[in-house]
Amino acid sequence: MSENQPLCALVFLSSLFCSACSQGTRFVHSAALDADGRYNIKWGFDESTITFEVEVETRGYIGFGLSPTGAMSSSDIVIGGVLSGSPYLLDYYTDSNRKVHKDALQSYQLLYGRENDTHTVLAFSRNLQTCDDNDKVITGSTVRVIWAFHAEDVGVSGPVYHGMNRGRKSLRLLNPGTSSSIPAGTAFFDLQNEEVPVPHKDTTYWCQIFKFPELKKKHHIIRIEPMIQKGHENLVHHILLYQCDSNLNKSEIDRGHECYHPNMPDSFFTCETVLFAWAIGGEGFTYPPHVGMSIGTSIDPVYVQMEIHFDNPSLQRGIVDSSGLRLYYSPSLRRYDAGVIETGVWVSLYHMLPPGMQDYITEGHCTQECLQESLDSEMPSGIHVFAVLLHAHLAGRAIRARHFRQQVELQPLASDDQFDFNFQEFQPLSQERIILPGDSLITECRYNTKGRMNMTWHTSETHAEKTAVTWHGGLSTRDEMCLSYLLYYPRVNLARCESLPEITGQLKFIGVKEIQEPVTTWPFVIKSPKKYSNLLFTEAMDKYKWTRKRGKAFNDIVRKLPINVRCSKIGQDEWSIQGVIISPPELKSEQTSAAVVACRNVSEIQCGRSLAPLLTACLLLILQTCLHL
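Here the residue numbers are simple positions, counted from 1 along each chain's written sequence. Selection of residues for local features in this predicted model requires a pLDDT of at least 70, selection of side-chain atom pairs for listing and counting requires 80 or more, and totals for whole chains, interfaces and linings are taken over all residues. Side-chain numbers come from the whole structure's heavy atoms, not from hydrogens or water.

The chain carries the name Monooxygenase, DBH-like 1 in an unreviewed UniProt entry, which gives Cyprinus carpio carpio as its organism. UniProt positions are given in the numbering used here, feature names are shortened, and annotations may be inferred rather than shown by experiment. Of the chain, the UniProt comment under Sequence similarities (unreviewed entry) reads exactly: "Belongs to the copper type II ascorbate-dependent monooxygenase family." Turning to the chain, the UniProt record has this under Subcellular location (unreviewed entry): "Endoplasmic reticulum membrane".

Here's what the structure looks like:
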C-alpha cells in the first residue's frame, strides 16, 4: 500500500460525508440575481459555514463571486459547471486589474451538481472566515454578489469571457430580512401616485397626502411593501411615510405637491412623525407575529404623507411615475403596537463633510438625557427594538447604531461595514434589544469624499428645516445624511432622538470671527474677516483651502464640540431637553466582537470540528477491518 492510499481513503470518506450532509441542507433563503430570472440562488448558514445552491439557465459554466465594490476587480470568485456528466468547481480571485487567477487555497467545496436540457445546478459551501487573503470574509454586513455565466464550459485555457451575461446584486447573506409570507386573503390598501410627472432635474421630492381607511375598530398593519413602477427601480430612491395632523381638511386628501417648495401647502408641514421608511434595494417589511402598526383608534394615524424621492441624475424628460406602498392589515390584533424613532444626526447644514477625505466620521447622539426623560415618563421598563434601517447617501461607506448603558458600550443594535447606497432596508435583529431610560445611542457614519471638490452638506430630507428665511441650498443624493430608524414596541411618545454639533466651533476652525445680524437669510452671511465678508457661511466653508490633514483636524474637533439635543414627541411637541446644549458624553472603549479571533486559532478549531466525524468514521472502518482479519 502506498503512502498516499490512506490519505486518498480519507478524502473519499470526506467527500461522501459532505455529500450526505449536503442532501439534508435546508436552504431557507433565496434570491433572483437578475431581472429575467435566469440566475437564482438559495442559501443557508450556521455559525461557521455557508452553503449555496445556484440554478442558472445555461449548460456551460457558472460564475459566482463576492466583490468589495460590485465590480470585477479584487473579487473572490468560484467557477463551475457540469462537463460530460461530472460536476466541477474551482476557486478563483481577481486582482486590481480584473485578471483572473486560480486560488492556491481552494476554500469552496463542491457538494453536488447536475444539468438538464436548459439549466445547470451547483451546490457548494465554504467557511464564513476562510483565513485566505484572496477570499472575502462573510459577515452580517452588505455583500455585493457578482454573477456571470456562459454557454460553454471551462476549457483548458480557462473560462471564456462571459460577455453581457453578468451582473451584481447586494444582499445580506447572514441577515437576509423578514419573510414576505402573510396569511392568504389578508386585506390591503395602496398609497400610490397617479401618473406624477417627474421633473427633468437631478433630485425631486414629491409629497402627497392620503387618508387611511375608516375602520370601526382597531386593526394592525402587519406588512408594508413597495410598489415600484416597472422600469423605475433606479428612479425611486426612497419612500417615507409620515403621520399628519388628524384635523386636516378633507380637501387635502390625495393632493400632491413638490416637497420643500416655497408654495407647498401649509398642511404638509403638519406631517412630522415617520411611520415607515423604505429605500432603494429593499423588498418590504413584515412585522414580527407579536407586533403591528396600529390603525383605527383615536391616537392612530388618520392622514399620512407619502414622500417619494426621485433620483434623476441623467435629467431624463417625460417620465411619469405611479409608484407607492402597499399596506396589509388585519383585525386579528397582535400583543404590541409598533413605533418608529429617528436617531442620528439632526439633519442640517450645520453638519458638513470636507472634500478629499478617505475616511471621515460623523456621530449623531440619541442622548441619555432624552431617553431618560421620555422613557421615564412613558415606559420606565424600556422599549424593545426589533429592526433598524441605516440610512446615508453616496459618500456613506459604513454605519453603526451603537448602544451604551451607564457609559459602557454594548453590542451594536445594527451595523453595516460595506454600506451600499443602492441597498437600504430594515434589518430585523436576531434578538430584540431593550432600550432603558438613561441608555444612549450613537449613529456613527463613515464617509469617503475623495474626488469631491467642495463641501458635502447634510441637507434636509425630513421636515426639520422649516424656516421663514430664504433657503439657498439643494436636496440631493450627492448631499449626505446619517440616520438610523428604530422599529420598536410598545409605542411611546418619542419620534426623534438626535443631535447636531454647534456651528460656532466649526466656523472658528476656518477663521470666521463674526456673522451678520440680525439673520435674515438662510444660510446666514459672514461679516468678518474680510476674506469671507458677505459670503454665505456655506460659501465660506467651500472657499477654505481644505487638505486631507486639515480635514482630519476638523473631524477631530467636530466630534468634541458641544451638541444641540433634539428630543421631539409625535407631532410638533417636544420634550423639555430639546434644544439644550450639552457636551458629548465620555464613553468607555468600544465593544470588541467575540468573532475577532486570530485566523490561525479559528482555522484550527474549525478544522478540528470538521475532521472529528471523519476521523471517527475512519477509526471505525479500521476497527471493523481488523476484526475481520
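## Some details on the overall build of the chain
Of the regular secondary structure elements, the chain holds six helices and 42 strands. Looking at the chain residue by residue over its 629 residues, the buried ones come to 50%. Each accessible area is a Shrake-Rupley result for a 1.4 Å probe, and residues are judged covered by the shown protein chains and nothing else. Of the roughly 29600 Å² of accessible surface on the chain, 52% is carried by carbon and sulfur atoms. Runs of H or I in DSSP of at least four residues are treated as helices and runs of E of at least two as strands, each being numbered from the N terminus. Three labels apply to residues, based on accessible area from a 1.4 Å probe with only protein chains included: buried if under 20% of the type maximum, exposed if over 50%, partly exposed otherwise in between.

## Focus on the packing of aromatic side chains
In summary, the pairing rule links any two rings of Phe, Tyr or Trp, Trp by its six-membered ring, whose centres are within 6.5 Å, and it sorts them by plane angle into stacked for under 30 degrees, edge-to-face for over 60 and tilted for everything else. In this structure the tally under the stated criterion is 28 aromatic pairs. Ring geometry for Phe52 versus Phe124: centroids 5.6 Å apart, planes at 35°, classification tilted. Remark: Phe124 occurs in strand S9 (residues 120–127) and Phe52 occurs in strand S3 (residues 49–56); sequence separation between them is 72 residues. An aromatic cluster of three or more residues is present, and its members are Phe276, Phe285, Tyr287, Tyr336, Phe386, Phe426 and Tyr489. The criterion is that NZ of a Lys, or CZ of an Arg, lies within 6 Å of the ring centre and within 35 degrees of the ring normal, and then a charge sits over that ring. The cationic tip of Lys569 hangs over the ring face of Trp575; the distance from NZ or CZ to the ring centre is 4.3 Å.

## Let's talk about a positive patch on the surface
Each patch is assembled from residues with relative accessible area greater than 30% and no salt bridge, linking like charges that lie within 9 Å and nonpolar side chains (Val, Leu, Ile, Met, Phe, Trp, Tyr) that lie within 5 Å. Salt-bridge detection follows one rule: a side-chain nitrogen of Lys or Arg within 4 Å of a carboxyl oxygen of Asp or Glu. We score Asp and Glu as negative and Lys and Arg as positive, and we do not count His or the chain ends. One atom stands in for each charge, and that atom is NZ of Lys, CZ of Arg, CG of Asp or CD of Glu. On the surface, Lys531, Lys543, Lys545 and Arg550 cluster together to form a positively charged patch. By the element assignment, Lys531 lies in the loop between strand S40 (526–528) and helix H4 (537–543).

## As for the sheet that holds strand S28 (residues 383–391)
Any two strands are treated as partners once DSSP identifies two or more bridges connecting them. Read from one edge of the open sheet, seven strands run S32-S28-S36-S25-S37-S41-S42, paired in mixed fashion. Looking along the sheet, the strands with just one partner apiece sit at the ends: strand S32 (427–435) and strand S42 (581–582). Bridge analysis of S28 against strand S36 (residues 483–489) gives seven bridges, and the strand direction is antiparallel. Within S36, the position partnered with Val388 by the bridge is Leu486.

## Some thoughts on the nonpolar core
Residues belong to one nonpolar core when they are buried, are Ala, Val, Leu, Ile, Met, Phe, Trp, Tyr or Cys, and are joined through side-chain atoms within 4.5 Å. Counting residues in each nonpolar core, the largest one holds 62 residues, and the members touching the most others are Ile510 and Phe537. Ranked by residue count, the leading element in this core is S28, at four residues. The contact partners of Phe537, leaving out residues within four places of it in the chain, are Leu349, Tyr350, Met352, Trp457, Ile503, Leu507, Trp522, Pro523, Phe524 and Ile526. Within the second largest apolar cluster, 55 residues are counted, among which are Leu235, Cys244, Val304 and Ala387. By definition in these notes, contact holds between two residues if any of their heavy atoms fall within 4.5 Å.

## Some points on the pattern of salt bridges
Using the criterion set out here, one finds 24 salt bridges in the structure. Taking the shortest distance from any N to any O, the salt bridge between Arg326 and Asp190 comes out at 2.7 Å. With Arg326 in strand S23 (residues 324–330) and Asp190 in strand S12 (residues 187–192), this pair connects stretches of sequence that are 136 residues apart. The exposure class of Arg326 is partly exposed, given its relative accessible area of 22%. Owing to a relative accessible area of 29%, Asp190 belongs among the partly exposed residues under this scheme. A salt bridge links Glu444 to Arg400; the nearest nitrogen and oxygen atoms lie 3.0 Å apart. Of this pair, Glu444 sits in strand S33 (residues 440–447) while Arg400 sits in strand S29 (residues 396–405), and the two are 44 residues apart along the sequence. We classify Glu444 as buried; its relative accessible area is 3%. A single salt-bridge network, built from bridges that share partners, covers Asp359, Arg400, Arg402, Glu409, Glu444 and Arg446.

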